[in-house]
Amino acid sequence: MSRGPVRVLRLGLRPYAEALRVQERCLRAARAARAGPGPGPGPGPGESVVLSEPAEPVYTWGLRGAPEAEAAARLRARGAGLAAARRGGRITFHGPGQLLAFPVLDLRRRRLPLRGYVAALEELVLRLCRRLGLAAARALPPPFTGVWMGDCKICAIGVHCGNHITSHGLALNCCTDLTWFDHIVPCGLEGKGVTSLSRELGRHVTVDHVLQPFLDSFQEVFDCTLVFSEDPGD
């Protein structure tokens, strides 16, 4: 039995800051849905997932790990933006060729602990990888998060959970220019690398190519129906 509808907002190629603004509107909708009477114990219609592909290169960091002033200046000089984000995790890169997914889900209604939610995101990406023929992808035990090919991370996960409602989420490298990661220690993990679907599969895999397998996997893992919306304001 499905746990209820989740609204899908497909933004396409958009600036990172715009995806954050849409996420904030979704958060307000989720809080409003919880405040209403609600038709029983299942997740309400305020749940959503925001999908986008960053239009420009940007380095972001979570609640810790902000770059020092000199390092920040070097990153800006390479033409990248810089942005702090309310999520777990240290500095990472977002840019063209990467799928950003920001699920806004009510974990209290889903009776899902935060660690279980992170594991669900990992399982989602593992299913996507298997759908594409990448059976060797794996998740590592805590404290590591994300999805890996050997010692290289293919999908980073960094979430925020306030009053049991999630935000931020995952970044999946599809055809990302991986050289942008050369200028940082991704996620603060010394000795680990990064990779992409395109590199691992030996063919060009765009964000558009992975949207449907992502949504199929999302629907399976979170046991929901999907309601599509192209307009972030509706």
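Here goes a summary of the coordinates provided. (Residues numbered from 1 in each chain as written. Predicted model: local features only at pLDDT ≥ 70, side-chain atom pairs only at ≥ 80, totals over all residues. Heavy atoms only, no water.)

Some words on the packing of aromatic side chains
Argument step 1. With the rule as written, the count across this model stands at eight aromatic pairs.
Argument step 2. Consider the rings of Phe 214 and Phe 218, whose centres lie 6.2 Å apart with planes at 35 degrees: the pair is tilted. With Phe 214 and Phe 218 both in helix α6 (residues 207-221), this residue pair falls four residues apart, about one helical turn. The burial state of Phe 214 is the same as that of Phe 218; both residues are buried.
Argument step 3. Their ring planes at 45 degrees and their centres at 4.8 Å tell us that Phe 218 and Phe 222 sit as a pair that is tilted.
Argument step 4. Residue classification places Phe 218 among the buried positions, given a relative accessible area of 0%.
Argument step 5. With a relative accessible area of 3%, Phe 222 lands in the buried category.
Argument step 6. Here a set of aromatic residues connected by ring pairs shows up, and it is made of Tyr 59, Phe 93, Trp 180 and Phe 181. (Phe/Tyr/Trp six-rings, centres within 6.5 Å; stacked < 30°, edge-to-face > 60°. Helix = DSSP H or I, 4+ residues; strand = E, 2+ residues; numbered from the N terminus. Buried < 20%, exposed > 50% of the residue type's maximum accessible area, 1.4 Å probe, protein only.)

Describing the environment of Arg 115
Argument step 1. Residue placement: Arg 115 occurs in helix α4 (residues 114-131).
Argument step 2. Overall, the relative accessible area of 36% leaves Arg 115 in the partly exposed class.
Argument step 3. Contacts of Arg 115, omitting those with residues within four sequence positions, involve Glu 122, Pro 142, Phe 144 and Thr 145.
Argument step 4. Side chain to side chain, Arg 115 and Glu 122 meet in a polar contact 3.5 Å long. (Contact = heavy atoms within 4.5 Å. Polar contact = N/O pair within 3.5 Å; in protein donor to acceptor, adjacent residues only side chain to side chain.)

Let's talk about the pairing of strand β3 (residues 58-61)
Note on strand geometry: in a regular strand, side chains alternate between the two faces of the sheet.
Argument step 1. Burial of the side chains of β3 extends over both faces: Val 58 and Thr 60 are buried on one face and Tyr 59 and Trp 61 on the other.
Argument step 2. Of the strand pairs in this sheet, β3 and strand β4 (residues 81-84) are connected by four bridges, and their pairing is parallel. Bridge assignment links Tyr 59 to a residue of β4, and that residue is Leu 82.
Argument step 3. Tracing the backbone out of β3, into helix α2 (residues 69-77) and back to the parallel element β4 gives a crossover that is right-handed.
Argument step 4. Relative to strand β5 (residues 92-94), β3 is paired through three bridges, and the arrangement is antiparallel. Each residue of the ladder has a partner; that of Thr 60, found in β5, is Thr 92. (Pairing = 2+ DSSP bridges. Right-handed = clockwise from strand over helix to strand, strands pointing away.)

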